[in-house]
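Fold and contact review
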Amino acid sequence: MQTVTTLGVLRNSVGALREDGGTVALVPTMGALHEGHLTLIRTARDRADHVVASIFVNPRQFGPSEDLDAYPRQLERDSGLLAAEGVALLWAPQPDEVYPEGYATNVSVAGVSEGLCGGDRPRHFDGVATVVCKLFNQVRPDMAFFGEKDWQQLAVIRRMARDLDLTMPHVDAIHGVPIVREADGVAMSSRNAYLSPEQRAAAAALPTAMRDAVDLLQDGGGADRALGNLRDALRTAGFDTVDYAELRDGDSLVPLDRLAPGARLFVAARIGGTRLIDNMAAG
Ligand code: PAF
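Residues numbered from 1 in each chain as written. Predicted model: local features only at pLDDT ≥ 70, side-chain atom pairs only at ≥ 80, totals over all residues. Heavy atoms only, no water.

Glancing now at the packing of helix α9 (residues 205-218) against helix α10 (residues 223-237). With their axes 9 Å apart at the nearest point, α9 and α10 run at an angle of 160 degrees to one another. Taken together, the axes of α9 and α10 lie roughly antiparallel to each other. Remark: the crossing between α9 and α10 carries right-handed chirality. Of the residues in α10, those touching α9 at Ala-205, Leu-206, Ala-209, Met-210, Ala-213, Leu-216 and Leu-217 are Ala-223, Arg-225, Ala-226, Asn-229, Leu-230, Ala-233, Leu-234 and Ala-237. Each residue belonging to the contact of α9 with α10 can be placed in one class, and the counts come to 13 nonpolar, one polar and one charged. (Axes fitted to C-alpha atoms, helices over the stretch in contact; angles between N-to-C directions. Helix = DSSP H or I, 4+ residues; strand = E, 2+ residues; numbered from the N terminus. Parallel < 35°, antiparallel > 145°, perpendicular 65-115°, else oblique. Left-handed = near helix turned anticlockwise from the far one by under 90°. Contact = heavy atoms within 4.5 Å. Nonpolar A, V, L, I, M, F, W, Y, C, P; charged D, E, K, R; others polar.)

Before going further, it helps to spend a moment on the sheet that holds strand β7 (residues 241-249). The sheet built from three strands is open, its strands ordered β7-β8-β9 with antiparallel pairing. For this open sheet the edge positions go to β7 and β9 (274-281), each flanked by a neighbour on one side alone. The mean inter-strand angle of the sheet, taken between neighbouring strand axes irrespective of direction, is 10 degrees. Pairing analysis gives eight bridges linking strand β8 (residues 263-271) to β9, with the strands arranged antiparallel. (Pairing = 2+ DSSP bridges.)

Think of a ball as big as a water molecule: rolled over the atoms, this probe shows where empty space is left. Reported here for the second largest pocket is a volume of approximately 300 Å³. Along the wall of the second largest pocket there are 18 residues; nearest its centre are Ile-55, Val-57, Arg-73, Pro-93 and Gln-94. Looking at side-chain class alone, the lining of the second largest pocket contains twelve nonpolar, four polar and two charged residues. (1 Å grid on protein atoms, 1.4 Å probe; cavity = no way out; pocket = protein on both sides within 12 Å on 5 of 7 lines; lining within 4 Å. Points joined across faces, edges and corners; volume = space filled by probe spheres on them.)

Residues in close proximity to the ligand include Pro-28, Thr-29, Met-30, Asn-58, Gln-61, Val-131, Phe-146, Asp-150 and Gln-153, which together make up its full environment. At a separation of 2.6 Å, an oxygen atom of the ligand approaches a polar side-chain atom of Gln-61. At a separation of 2.7 Å, an oxygen atom of the ligand approaches a polar side-chain atom of Gln-153. Notes on the ligand: free accessible area 290 Å², of which the protein chains cover 88%. The residue makeup of the shell around the ligand, split by class, is four nonpolar, four polar and one charged. (Near = heavy atom within 4 Å. Polar contact = N/O pair within 3.5 Å; in protein donor to acceptor, adjacent residues only side chain to side chain. Areas by Shrake-Rupley, 256 points an atom, 1.4 Å probe, with all protein chains shown as cover.)

Printed below as a string of structure tokens:
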């Protein structure tokens, strides 16, 4: 695996990968890789001839009070994992390579960026859309892979790619890959590393409460009752706050007050200083 940190070398190296006419998949990450990321890489490797992974802790998607400095940076360990998975190229630029002096452009996606994680993380999805737009332009992949754990992020990226005509040769070019869960159901996330053993044990209440809410909705219980029970279960389990617990349409992200085909449950809740998010099909 070749590791590249400058744009000029990246262009040459991706060009060299394309010389045999094979397809190139991009898997964007912020590093601190876990099994969820490796599942994205394996899915990409099954679909494309060459996999390019990026590791870039994108400052523009962190709010002023968020964990940019504390975000785990483990390039050596991560590159070993990527090489072992057969990644051809690692794109690992420094912030000033991505946002050089004078950088002034922002990509903002209305609608799907609003509410849920966009509600209490203003400008977060502008940061995501901006960096992903740049990554697509830098690597020019045939297809790209993102985890469904960040379902709203995936909706923002799909909307942005459609709206800005970021066409890729593959019709279904932006792939969502299902959430990878630990044995107790907790969705894998780099932020799980911040949890103490007690908080980690309590975190299992999140997928359980969500599954219970989905069961209640499917048994005809209303959304208010199902979401109220879910909030109570999380507080009882030791979560400090529930930032949101909502039923929305999985494609448009329009809020729903009752179960409908394509409905999805979205939750963000805090335990200690750590914010966990999850989502689940409901309809
Ligand atoms: O999901 C992530 O890790 C990031 O939001 C992404 C898509 C790599 C953009 O920085």
